[in-house]
2 protein chains.
Amino acid sequence: MSFETTATIASFGGKLLKLKHPAKSTNCDMALNLYLPPAALSGKTVPVLFYLSGLTCTGDNCAEKGFFQHAASQRGIAVVYPDTSPRGLKVAGEDESWDFGTGAGFYVDATTPGYKDGYHMYTYITEELPNALFSHFKELDGSRVSITGHSMGGHGALTLFLKNPGKYKSCSAFAPIANPINCPWGQKAFKGYFGDDSAKWKEHDATELVKQWKGPLELLIDVGTGDNFYKQGQLLPENFVAAAKEAGNDKGVQLRMQKDYDHSYFFMASFADEHVEWAAKRLGA
Amino acid sequence: MSFETTATIASFGGKLLKLKHPAKSTNCDMALNLYLPPAALSGKTVPVLFYLSGLTCTGDNCAEKGFFQHAASQRGIAVVYPDTSPRGLKVAGEDESWDFGTGAGFYVDATTPGYKDGYHMYTYITEELPNALFSHFKELDGSRVSITGHSMGGHGALTLFLKNPGKYKSCSAFAPIANPINCPWGQKAFKGYFGDDSAKWKEHDATELVKQWKGPLELLIDVGTGDNFYKQGQLLPENFVAAAKEAGNDKGVQLRMQKDYDHSYFFMASFADEHVEWAAKRLGA
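Worth saying up front: this structure is predicted, and the values here are computed from it rather than measured.

**A word on unusual backbone geometry**
Item 1. With phi around 60°, K90 of chain A is a residue other than glycine that occupies positive phi space.
Item 2. Tracing the backbone shows K90 of chain A in the loop between β5 (78-82) and α4 (121-136).
Item 3. For K90 of chain A, a relative accessible area of 76% puts it in the exposed group.
Item 4. For A175 of chain B, which is not glycine, the phi torsion reads 45° and is therefore positive.
Item 5. Tracing the backbone through its elements, the reader meets A175 of chain B in the loop between β7 (172-174) and α6 (184-194).
Item 6. Residue class for A175 of chain B comes out buried when judged on its relative accessible area of 0%.

**Notes on the UniProt feature "active site" (unreviewed entry) in chain A**
All names here are of chain A.
Item 1. On the UniProt side, "active site" (unreviewed entry) is annotated at positions that read S151, D227 and H263 here. The named residues occupy 113 residues along the chain; their greatest pairwise C-alpha distance, 10.8 Å, places them in one compact cluster. As for the lining of the largest pocket, the annotated residues named previously contribute S151 and H263.
Item 2. Note on D227: relative accessible area 0%, which makes it buried.
Item 3. If we skip the residues at most four places from it in the chain, D227 touches A175, L235, Y261, D262 and H263.
Item 4. Within polar-contact distance, the side chain of D227 engages the backbone nitrogen of F229 at 2.8 Å.

**Topic: the pattern of salt bridges**
Item 1. Scanning the entire structure with this criterion turns up 34 salt bridges over all chains.
Item 2. In this structure, D141 of chain B engages R144 of chain B in a salt bridge whose closest nitrogen and oxygen atoms are separated by 2.8 Å.
Item 3. Here R256 of chain B and D222 of chain B are joined by a salt bridge, their closest N and O atoms 2.6 Å apart. Remark: D222 of chain B occurs in strand β8 (residues 219-224) and R256 of chain B occurs in strand β9 (residues 253-258); sequence separation between them is 34 residues.
Item 4. Among the residues examined, D222 of chain B registers a relative accessible area of 0% and is labelled buried.
Item 5. Each member of the salt-bridge network shares a partner with another, and the members are K15 of chain A together with K259 and D260 of chain B.

**Digging into the relation of the copies chain A and chain B**
Item 1. Between the two copies, chain A and chain B, the superposition gives an RMSD of 0.0 Å; the rotation angle is 180° and the shift along the axis is 0.0 Å. The superposition operator between the copies reduces to a two-fold rotation axis. The position closest to the rotation axis in chain A is occupied by the C-alpha of K65 of chain A, lying 2.6 Å away.
Item 2. A symmetric contact is evident, with 95% of the interface residues of chain A recurring at the interface of chain B.

**Observations regarding the nonpolar core**
Item 1. Counting 207 residues, the largest nonpolar core has L133 of chain A together with L133 of chain B as the members making the most contacts within it.
Item 2. Residues within four places of L133 of chain B in sequence aside, it is in contact with F3, L19, L32, L34, F50, V80 and L140 of chain B.

**Examining the side chain of D205 of chain B**
Residue and element names in this part refer to chain B.
Item 1. Mapped onto the elements of the fold, D205 is located in the loop between α7 (198-203) and α8 (206-210).
Item 2. An unpaired buried charge is present at D205: no salt bridge exists, and K211, the closest side chain of opposite charge, is 7.1 Å distant.
Item 3. Of note is the side chain of D205, whose polar atom sits 2.9 Å from the side chain of N179.
Item 4. Ignoring anything within four residues of it in the chain, the contact list for D205 reads T159, A178, N179, P180 and I181.

**Topic: the sheet that holds strand β7 (residues 172-174) of chain A**
Residue and element names in this part refer to chain A.
Item 1. Strand order in the open sheet formed by three strands is β7-β8-β9, with parallel pairing between adjacent strands. Pairing within the sheet leaves two strands with one partner each, and these edge strands are β7 and β9 (253-258). Across this sheet, the average inter-strand angle for adjacent strands is 10°, counted without regard to direction.
Item 2. Pairing of β7 with strand β8 (residues 219-224), which is carried by three bridges, proceeds in the parallel orientation. By the bridge assignment, A173 is partnered in β8 with I221.
Item 3. Packing of helix α10 (residues 237-246) onto the sheet brings it into contact with β8 and β9, and relative to β9 it is tilted by some 155°.
Item 4. Along the sheet face, helix α11 (residues 265-283) touches β7, β8 and β9 and points at about 170° away from the line of β8.

**Quick word on the interface of chain A and chain B**
Note on interface size: it is often stated as the accessible area lost on association of the parts.
Item 1. Each side of the interface is counted separately: chain A has 21 residues, and chain B has 20 residues.
Item 2. When the two sides are added together, the surface that chain A and chain B hide from each other amounts to roughly 1800 Å², 64% of it contributed by carbon and sulfur.
Item 3. Connecting chain A to chain B are four salt bridges.
Item 4. A salt bridge links E64 of chain A to K65 of chain B; its shortest N-O distance comes to 3.6 Å.
Item 5. Applying the counting criterion to the chain A and chain B interface returns eleven residue pairs in polar contact (both at pLDDT 80 or more).
Item 6. Those elements that place two or more of their residues in the side of chain A that touches chain B are β1 (4-11), β2 (14-23), α2 (59-65), α3 (68-75) and α11 of chain A.
Item 7. In terms of residue class, the side of chain A that touches chain B is made up of nine nonpolar, six polar and six charged.

**Observations concerning the layout of surface pockets**
Item 1. Size it by volume and the largest pocket reaches roughly 330 Å³.
Item 2. H150, H263, S264, Y265 and F266 of chain A are the residues nearest the centre of the largest pocket, which is lined by 22 residues in total.
Item 3. Counting residues per element, the ones that place at least two in the lining of the largest pocket are α2 and α11 of chain A together with α2 (59-65) of chain B.
Item 4. With three residues, the single largest contributor to the lining of the largest pocket is α11 of chain A.
Item 5. Around the second largest pocket sit 16 residues that line it, and L55, H150, F229, H263 and S264 of chain B are the ones nearest its centre.
Item 6. Here the residues of the lining of the second largest pocket sort into six nonpolar, eight polar and two charged.

**Re the sheet that holds β7 of chain B**
Residues and elements named next belong to chain B.
Item 1. Spatially, β7-β8-β9 is the arrangement adopted by the three strands of the open sheet, whose pairing is parallel. The open sheet terminates on both sides in strands that have one partner only, identified here as β7 and β9. The sheet shows a mean angle of 10° between the axes of neighbouring strands, taken without regard to direction.
Item 2. In the sheet, β8 pairs with β9 via six bridges, with the strands oriented parallel. Across the sheet, residue I221 finds its bridge partner in β9, namely L255.
Item 3. Relative to the sheet, helix α10 (residues 237-246) contacts β8 and β9, its axis offset from that of β9 by approximately 155°.

**Description of the packing of aromatic side chains**
Any two aromatic rings considered together are summarised by their centre-to-centre distance and by the angle between their planes.
Item 1. Evaluation of the coordinates by the stated rule reveals 41 aromatic pairs over all chains.
Item 2. When the centroid spacing of 4.9 Å and the interplanar angle of 70° are considered together, the rings of Y261 of chain A and F271 of chain A count as edge-to-face. Placement of the pair is Y261 of chain A in the loop between β9 and α11 and F271 of chain A in helix α11, with a sequence separation of ten residues. Across the pair, exposure class does not vary: Y261 of chain A and F271 of chain A are buried alike.
Item 3. A network of ring pairs unites the aromatic residues Y51, F68, Y81, F174, Y261, F267 and F271 of chain A as a single cluster.
Item 4. For the cation-ring pair, K163 of chain B lies above Y122 of chain B, with the distance from its terminal atom to the ring centre recorded as 5.5 Å.

Cut-offs and rules
Residues numbered from 1 in each chain as written. Chains lettered and ligands numbered in written order. Predicted model: local features only at pLDDT ≥ 70, side-chain atom pairs only at ≥ 80, totals over all residues. Heavy atoms only, no water. Helix = DSSP H or I, 4+ residues; strand = E, 2+ residues; numbered from the N terminus. Buried < 20%, exposed > 50% of the residue type's maximum accessible area, 1.4 Å probe, protein only. UniProt positions renumbered as here; feature names shortened; annotations may be inferred. 1 Å grid on protein atoms, 1.4 Å probe; cavity = no way out; pocket = protein on both sides within 12 Å on 5 of 7 lines; lining within 4 Å. Contact = heavy atoms within 4.5 Å. Polar contact = N/O pair within 3.5 Å; in protein donor to acceptor, adjacent residues only side chain to side chain. Salt bridge = Lys/Arg side-chain N within 4 Å of Asp/Glu carboxyl O. Least-squares fit on C-alpha atoms with pLDDT ≥ 70 in both. Core = buried A, V, L, I, M, F, W, Y, C linked by side-chain atoms within 4.5 Å. Lys, Arg positive; Asp, Glu negative; His and termini not counted. Pairing = 2+ DSSP bridges. Axes fitted to C-alpha atoms, helices over the stretch in contact; angles between N-to-C directions. Buried area = accessible area lost by both parts, 1.4 Å probe. Nonpolar A, V, L, I, M, F, W, Y, C, P; charged D, E, K, R; others polar. Points joined across faces, edges and corners; volume = space filled by probe spheres on them. Phe/Tyr/Trp six-rings, centres within 6.5 Å; stacked < 30°, edge-to-face > 60°. Lys NZ or Arg CZ within 6 Å of the ring centre and 35° of its normal.

Okay, structure coming up:
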């Protein structure tokens, strides 16, 4: 359960730790980045923002290009950047495409042969990783946790938030795959991880989940109008908002269509300050 | 002399343009990034900050990881990220090492056989590129220009500033190679680009140049105490400050040793806001 620190990098007055730990849920060693803001280094207990990455990424990309450390430093929030899948399990087919298998765990617990023995990113992100982090790093406040993410990770942030009421103080997303059962990326992934079990598919679809949400709902979702994956119908944020509206839960859902922005880290960096601020207000940071 | 725009990317309310143009001084097409802040897009004429990159980099790295756009957007400053050398000239030896030749032009005009036919980054950065930019992009104010850079690009920023009094409104540097004639990187490069002409070497050494500076001098230099290249004696910023002091020009030279920071973009990102602010004040931005 313990972490190995493979590098410690000064960043915005805090430290970015490159960590590795053996994980049972994913059946392999998992790498991640943990940003500790200056407040944590000076002995304060700080709230935590989980950032879930998109297809093909590791926890490194956003730590380098996402600019979350800028505001997290100022607001005294730790940021966790996990990996996007198990690595090196040698499951048949896991390395054949960039949008399924390695780098594409979709934050679900797979049930199909091969994948069920390690592609359990849902359990890893919601249970094993936070439990391990909060028992190892006493400067992290496990009672104040928020979640955000990009693309596949935006799907992860929305579904983990909606499936676990009360677990996260806030949720936001960049260009999320908001209705995976109705887009090619999601259909390919859910077929691969769940087979034809349509009930399972719906359990991990934010648009389906929001229909069942009880009570008020606050979400910040940014999507670029120049995002080619949005144009191709991979994201479908309007379906999510329509479902929230049908359920009477759209009042606090902010879908901001950001003019000309694409799907890249340039987009996220531009609004990272605002997403950290969204979390900070709800984390009491 | 005209530019081809190969991509336009929304960033912090402005646009990052990926540009390509044929350059005479370097005898090849040169790629660069130009960040236009929101003010430029709304028709204002804006001052310009040149950012010179370090060894092995192109104009892309800092545009992705340096976060100069954050403050440049707010202060209404355009940022130019040029490449670090000509590319594809097929000069014998140019691709044999990472610290000489391709990706390592050192912002000098080479005089040695082969290299003298294109490794003219000094002329390219101080004359050809700005002339081309200012005639093509009318939103850039060619009379308000500042310069900064990292490592080899910090050397470039310091030497171009010191060799051209009045050309740049301000200069700052991250982890500059501040005394190249006395460090392995500089000796290898100057030997390759100038042969044994020691007068030429001194003409491109910031520590030698600062001894001849007339009048007041203001410089902001950040170096990380955890920077391995600093520890190995590649940067030698103390030599520069000592030379400025000897010449009576150290009062306005701020060398800040930043605790624990390394040589990476994490370091630059952490202080990019302050370097843009340093330029903004002197550019009247």
